[in-house]
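# Reading the structure
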Amino acid sequence: MTFQINAISMKTRALGLLMLLTLVLAGCAQRTVIVDREADDADPTLALEYRDFEFAAMDAVNSLLSSGAVDHPENKRYVMAVSRVTNDTMQRIDTDQLIRQVRIALLQSGKVITTSAISADGVQDELLDEVRRLRGSEEFRADTQVETGTLISPDFGLTGKIMQRNIDRDRRTQQVEYYFQLVLTDLRNGLAVWENETPIIKRGSNRSVAW
Amino acid sequence: MNRDFHGLRSLLPGKAAWLIPALVLLLSACATHKTPDEVVLAPSLTGLVQIETLTESNDNGLLRVKITGRNMIDRVLTMDYQFDWLDKDGQMVDSVLSRKTRFTADRLRYFTIDGIAPSADVVSYRLYIDERAR
């Protein structure tokens, strides 16, 4: 009888301990929060993050608009095609994170419009080809079909590269250097009319991994 | 000059006459380095940073702002600046060009801030300069 009571008491204690441990661990867990981009004072990371892309895009757009390279003499918009932007870093990133912000800012400036008809990898929007294949189809009204000779050739091509270099400064510190390089080429004559490089240099613990 | 002061002193009672030149000197010193209305300096930067020149241009349809400031102290200052670009209705025009940007001003050196409006709709702006915690 006494043995049974002791066994039940031990089980109760173990259960209580388990519940206490669960509560403690739940209390220690990092809360998930939504970051306010305007007031994000969190320490930077060694890897690339959204603030780096925003800074690089801001620097590039500021430089491009200030350079006058996209000022049309007749106050019209230039047409720009986006060529290949190489990710030469150790991280798996989509270079569109940079280029999309540059495109949006240039469109907003009223100086440049980006074409979806052509890119380094062929047609950027496959629907452009698809709707042209429908010419002559009896399923579609003739007056809604796309005529030939309606696409507009680009004036400029935007290309670039994101580079990374890792340097061990000492046993405890490493330096990670990122270079955002962009080039705007006049597609009529092949001249690079604007170039920009935004370096972002980070220094941190050797224990952090920048990929 | 002395004669003028003596004349003034005779008009005002006692020590009050000496307050006038002191006040004139004080006000003229303040007027020389008044921060432009468009620039909002954080209170913690008062006396540490001085805005020297502000130029605006509109060469290509976009408002462009150039500011020269000076770090007045013998310590490197790390700061953030941020433009609020405003349209004719006073509404903010959101853009990647309105993001907070970090910069440093070397001890006792001049620094420049160069901003370009994100769109032709922008007619005015506010520039915030804040000290960044180390």
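Each remark here, short or long, concerns the structure printed above.
First, a word on what this report is: a plain description of the structure on this page. (Residues numbered from 1 in each chain as written. Chains lettered and ligands numbered in written order. Predicted model: local features only at pLDDT ≥ 70, side-chain atom pairs only at ≥ 80, totals over all residues. Heavy atoms only, no water.)

### A closer look at the overall build of chain B
Put simply, the rule reads: Numbering of helices and strands starts at the N terminus; helices are DSSP runs of H or I of at least 4 residues and strands are runs of E of at least 2. Here the term buried applies to any residue with accessible area under 20% of the maximum for its type, exposed to any over 50%, and partly exposed to those in between, with areas from a 1.4 Å probe on protein chains only. Throughout, a residue-residue contact means that at least one pair of heavy atoms, one from each residue, lies within 4.5 Å. In these tables, accessible area is a Shrake-Rupley quantity obtained with a 1.4 Å probe, and a residue counts as shielded only by the protein chains included in the view.
The secondary structure content of chain B amounts to 2 helices and 7 strands. Its helices and strands in sequence order give chain B the pattern α-α-β-β-β-β-β-β-β, from N to C terminus. Burial status across chain B gives 37% buried among its 134 residues. Long-range pairs, those at least 24 residues apart, make up 65% of the contacts in chain B with a sequence separation of at least 6. Of the roughly 8200 Å² of accessible surface on chain B, 55% is carried by carbon and sulfur atoms.

### Regarding the overall build of chain A
Scanning chain A from N- to C-terminus turns up 4 helices and 5 strands. Counted from the first residue to the last, chain A has its helices and strands arranged as α-α-β-α-β-α-β-β-β. Across the 211 residues of chain A, 33% fall into the buried class. A separation threshold of at least 6 residues defines the contact pool for chain A, and within that pool the share at least 24 residues apart is 65%.

### Structural notes on the pattern of salt bridges
Where we set the bar: A pair is scored as a salt bridge if a Lys or Arg side-chain nitrogen falls within 4 Å of a carboxyl oxygen belonging to Asp or Glu.
A complete count under the given rule lists 19 salt bridges over all chains for this structure. For R141(A), the salt bridge goes to D143(A), with nearest N and O atoms at 3.0 Å. Judged on exposure class, the residue R141(A) and its partner D143(A) are both exposed. When salt bridges with common partners are traced through the structure, they connect R37(A), E54(A), D94(B) and R99(B) into a single cluster.

### Quick word on the sheet that holds strand 1 (residues 78-88) of chain A
All names here are of chain A. We apply this condition: Whether two strands pair comes down to DSSP finding at least two bridges between them. Lines fitted to C-alpha atoms define the axes, with helix axes restricted to the stretch in contact, and inter-axis angles between N-to-C directions lie between 0 and 180 degrees.
The strand order across the open sheet built from 5 strands is 2-1-3-4-5, with neighbouring strands paired in mixed fashion. Looking along the sheet, the strands with just one partner apiece sit at the ends: strand 2 (112-114) and strand 5 (192-205). This sheet shows a mean twist of 25° between the axes of neighbouring strands, independent of strand direction. In the sheet, strand 1 pairs with strand 3 (residues 156-168) via 7 bridges, with the strands oriented parallel. Across the sheet, V82 pairs through a bridge with L158, a residue of strand 3. Helix 2 (residues 50-67) rests against strand 3, strand 4 (173-186) and strand 5 of the sheet, and its axis sits at about 155° to strand 5. On the sheet, helix 3 (residues 96-109) packs against strand 1, strand 2, strand 3 and strand 4 and is oriented at approximately 135° with respect to strand 2.

### Description of the sheet that holds strand 3 (residues 64-71) of chain B
Residues and elements named next belong to chain B. Strand order in the open sheet formed by 3 strands is 2-3-6, with antiparallel pairing between adjacent strands. Edge strands, defined here as strands with exactly one partner in the open sheet, are strand 2 (49-57) and strand 6 (110-116). When strand polarity is set aside, the average angle formed by the axes of neighbouring strands in this sheet is 15°. With 8 bridges connecting them, strand 2 and strand 3 associate as antiparallel partners.

### Concerning helix 3 of chain A
Note: α-helices contain 3.6 residues per turn, so residues at a spacing of three or four share the same orientation. Residue and element names in this part refer to chain A. Worth spelling out the cut-off: Any helix carries an expected span of 1.5 Å times its number of residues minus one.
The end-to-end C-alpha distance of helix 3 is 19 Å, a good match for the 20 Å that 14 residues give at a rise of 1.5 Å each. The set of residues buried in helix 3 consists of L98, I99, Q101, V102, R103, A105, L106 and S109. Looking at the residues trailing helix 3, positive phi occurs at G110, about 80°.

### Here's the deal with the packing of aromatic side chains
Residue and element names in this part refer to chain B. Basically, it comes down to this: Ring pairs shown here join Phe, Tyr and Trp side chains whose ring centres sit within 6.5 Å, with only the six-membered ring taken for Trp; geometry is labelled stacked below 30 degrees between planes, edge-to-face above 60, and tilted in between.
With the rule as written, the count across this model stands at 8 aromatic pairs over all chains. Centroid distance F83 to W85: 4.6 Å. Interplanar angle 10°. Geometry classified as stacked. The class for W85 is buried, based on a relative accessible area of 1%. Put simply, the rings of Y81, F83, W85, F103, F111 and Y125 pair up and form one aromatic cluster.

### Comments concerning the interface of chain B and chain A
For the record, the criterion: Two parts placed together each lose some accessible area under a 1.4 Å probe, and the buried area is that loss summed for both. Here a polar contact means two N or O atoms within 3.5 Å. Within protein one must be a hydrogen donor candidate and the other an acceptor candidate, and residues neighboring in sequence count only if both atoms are side-chain atoms.
On the side of chain A, 16 residues touch chain B, which itself brings 19 residues to the contact. Broken down residue by residue, the surface that chain B buries against chain A is led by N60(B), V96(B) and R99(B), which jointly contribute 35%. The tally of links from chain B across to chain A stands at 1 salt bridge. Residue R99(B) pairs with E54(A) through a salt bridge whose shortest N-O separation is 3.1 Å. On the surface where chain B and chain A come into contact, there are 6 residue pairs in polar contact (both at pLDDT 80 or more).

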